Amino acid sequence: MAAHRIEQVEVPVDGSAVDGDLAVPSGARQVVVFAHGSGSSRHSTRNQAVARDLREGPLGTLLLDLLTPREEAVDTLTGEHRFDVPLLGSRLVAAVDWLAGRADTAGLPVGLFGASTGAAAALVAAADRPDRVRCVVSRGGRPDLAGAALGRVRAPVLLIVGGRDTEVLRLNREAAERLTAPCELTVVPGATHLFPEPGALEQVAEAARAWFLRAVDGPP
């Protein structure tokens, strides 16, 4: 088991800050920034479960709130920020830049893991930081919401979708055709949008870890 501790951090954004939980295991070969889906947070139980698996990689993880406390309070009432993909993408860009300024992560390549709308934000950030972002994984994501940024992504992209999540699967297939970067679509048989079925989330974590490690180690 890779030794690590989880550090509560603040990432500066737009004159304020968003909260995050950073863990950098000994010997980490990459740090993965997590972008949660709409209405969620860095405490997402599904992202937390995947992060624990990645840290055995060993990979560093940064689970990040994409909204400031004030924005979160507004969004809880109005829902106006949770689908603002340019805003969410800019928060991931800020996190990527922040990691470049820390002694323990400056030398590590960055991967992005996005769920639902967070996947679109991850693709926007990958397009804006092509020299820093090594790869992207989407879990039940909405890559279609990344819009024109899809054509600017250079990092390899893994799209993971549940086999019974039919509408999202269709949208992922369409987005994959618009990506010019290397892209793979992995379908988890029998899984629905949140992957609650027994063993489904474990398949997501296994596929994600293999993708992130391949980005830094090369194909087996």
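Our structure's up above, just so we're on the same page.
J.: Describe in detail the overall build of the chain, supporting the description with residues and values.
T.: Across its full length, the chain holds 6 helices and 8 strands. The linear arrangement of helices and strands in the chain, starting from the amino end, is β-β-β-α-β-α-α-β-α-β-β-α-β-α. Relative to the compact-globule value of 17 Å for 220 residues, the chain shows a C-alpha radius of gyration of 16 Å, a close match. Projecting the C-alpha coordinates of the chain onto the three principal axes gives extents of approximately 45 × 40 × 35 Å. Summarising the internal contacts of the chain: among those between residues at least 6 apart in sequence, 69% fall at separations of at least 24. A total accessible area of about 9400 Å² is found for the chain, and carbon and sulfur atoms account for 51% of it. Averaged over its 23 positive side-chain charges, the chain has a centre that lies 2 Å from the centre of its 27 negative ones.

J.: Would you mind going over the layout of surface pockets in detail, with residue names and values included?
T.: Each pocket or cavity is described by its volume, and for the largest pocket that value is around 150 Å³. In this structure, the largest pocket is lined by 13 residues; those nearest its centre are Gly-37, Arg-46, Ser-116, Arg-139 and Leu-194. Among the residues making up the lining of the largest pocket, the classes are represented as 2 nonpolar, 9 polar and 2 charged.

J.: Describe the nonpolar core, naming the residues involved and giving the relevant values.
T.: Counting residues in hydrophobic clusters, the biggest one holds 46 residues, and the most contacted among them are Val-33, Leu-92 and Leu-112. Ranked by residues supplied to this core, first place goes to helix α3 (residues 85-100) with 10 residues. If near-sequence neighbours (up to four positions away) are discounted, Leu-92 is found in contact with Val-33, Phe-34, Ala-35, Leu-64, Leu-66, Gly-118, Ala-121, Ala-122 and Ala-125. Counting residues in hydrophobic clusters, the runner-up holds 23 residues, among them Val-32, Phe-34, Phe-195 and Ala-200.

J.: Tell me about the sheet that holds strand β4 (residues 60-64), residues and numbers included.
T.: What the 8 strands build is an open sheet, ordered β1-β2-β4-β3-β5-β6-β7-β8; its pairing is mixed. Taken across any chain shown, the strands that pair with only one partner, and hence form the sheet edges, are β1 (6-13) and β8 (183-188). Each neighbouring strand pair of the sheet contributes to a mean axis angle of 20 degrees, computed without reference to strand direction. Of the strand pairs in this sheet, strand β5 (residues 110-115) and strand β6 (residues 133-139) are connected by 6 bridges, and their pairing is parallel. Note that in β6 the partner of Phe-113 across the bridge is Val-137. Across the face of the sheet, α3 comes into contact with β1, β2 (16-23), β3 (31-35), β4, β5 and β6 while running at roughly 115 degrees to β1.

J.: Explain the pairing of β3 to me, and be specific about the residues and the numbers.
T.: Counting buried positions along β3 gives 5 out of 5 residues, so the element sits mostly inside the fold. By the alternation rule, side chains of β3 split into Val-31, Val-33 and Ala-35 and Val-32 and Phe-34, which are all buried. The sheet contact formed by β3 and β4 spans 5 bridges and is parallel. Directly across from Val-33, in β4, lies its bridge partner Leu-62. For β3 and β5, the ladder comprises 5 bridges, and the chain directions are parallel. In the strand pairing of β5, Val-32 is matched with Gly-111.

J.: Hey, could you go over the packing of helix α1 (residues 45-55) against helix α6 (residues 200-217) for me, with residue numbers and the actual values?
T.: At a minimum axis separation of 9 Å, α1 and α6 run at an interaxial angle of 45 degrees. Taken together, the axes of α1 and α6 lie oblique to each other. Note on packing geometry: the crossing formed by α1 with α6 is right-handed. Contacts between α1 and α6 involve Arg-46, Ala-49, Val-50, Asp-53 and Leu-54 on the former and, on the latter, Leu-201, Val-204, Ala-205, Glu-206, Ala-208, Arg-209 and Phe-212. When its residues are assigned to classes, the contact of α1 with α6 shows 8 nonpolar, no polar and 4 charged.

J.: Pulling in residues and values, what's your account of the environment of Leu-54?
T.: Tracing the chain through its elements places Leu-54 in helix α1. The exposure class assigned to Leu-54 is buried, which follows from its relative accessible area of 0%. Along the chain, Leu-54 and Glu-206 lie 152 residues apart, while their C-alpha atoms are 8.4 Å from each other. In contact with Leu-54, not counting residues within four places along its chain, are Val-32, Phe-34, Leu-59, Thr-61, Ala-205, Ala-208, Arg-209 and Phe-212.

Basis of the calculations
Residues numbered from 1 in each chain as written. Predicted model: local features only at pLDDT ≥ 70, side-chain atom pairs only at ≥ 80, totals over all residues. Heavy atoms only, no water. Helix = DSSP H or I, 4+ residues; strand = E, 2+ residues; numbered from the N terminus. Rg over C-alpha atoms; globule rule 2.2 N^0.38 Å. Contact = heavy atoms within 4.5 Å. Areas by Shrake-Rupley, 256 points an atom, 1.4 Å probe, with all protein chains shown as cover. Lys, Arg positive; Asp, Glu negative; His and termini not counted. Charge placed at Lys NZ, Arg CZ, Asp CG, Glu CD. 1 Å grid on protein atoms, 1.4 Å probe; cavity = no way out; pocket = protein on both sides within 12 Å on 5 of 7 lines; lining within 4 Å. Points joined across faces, edges and corners; volume = space filled by probe spheres on them. Nonpolar A, V, L, I, M, F, W, Y, C, P; charged D, E, K, R; others polar. Core = buried A, V, L, I, M, F, W, Y, C linked by side-chain atoms within 4.5 Å. Buried < 20%, exposed > 50% of the residue type's maximum accessible area, 1.4 Å probe, protein only. Pairing = 2+ DSSP bridges. Axes fitted to C-alpha atoms, helices over the stretch in contact; angles between N-to-C directions. Parallel < 35°, antiparallel > 145°, perpendicular 65-115°, else oblique. Left-handed = near helix turned anticlockwise from the far one by under 90°.

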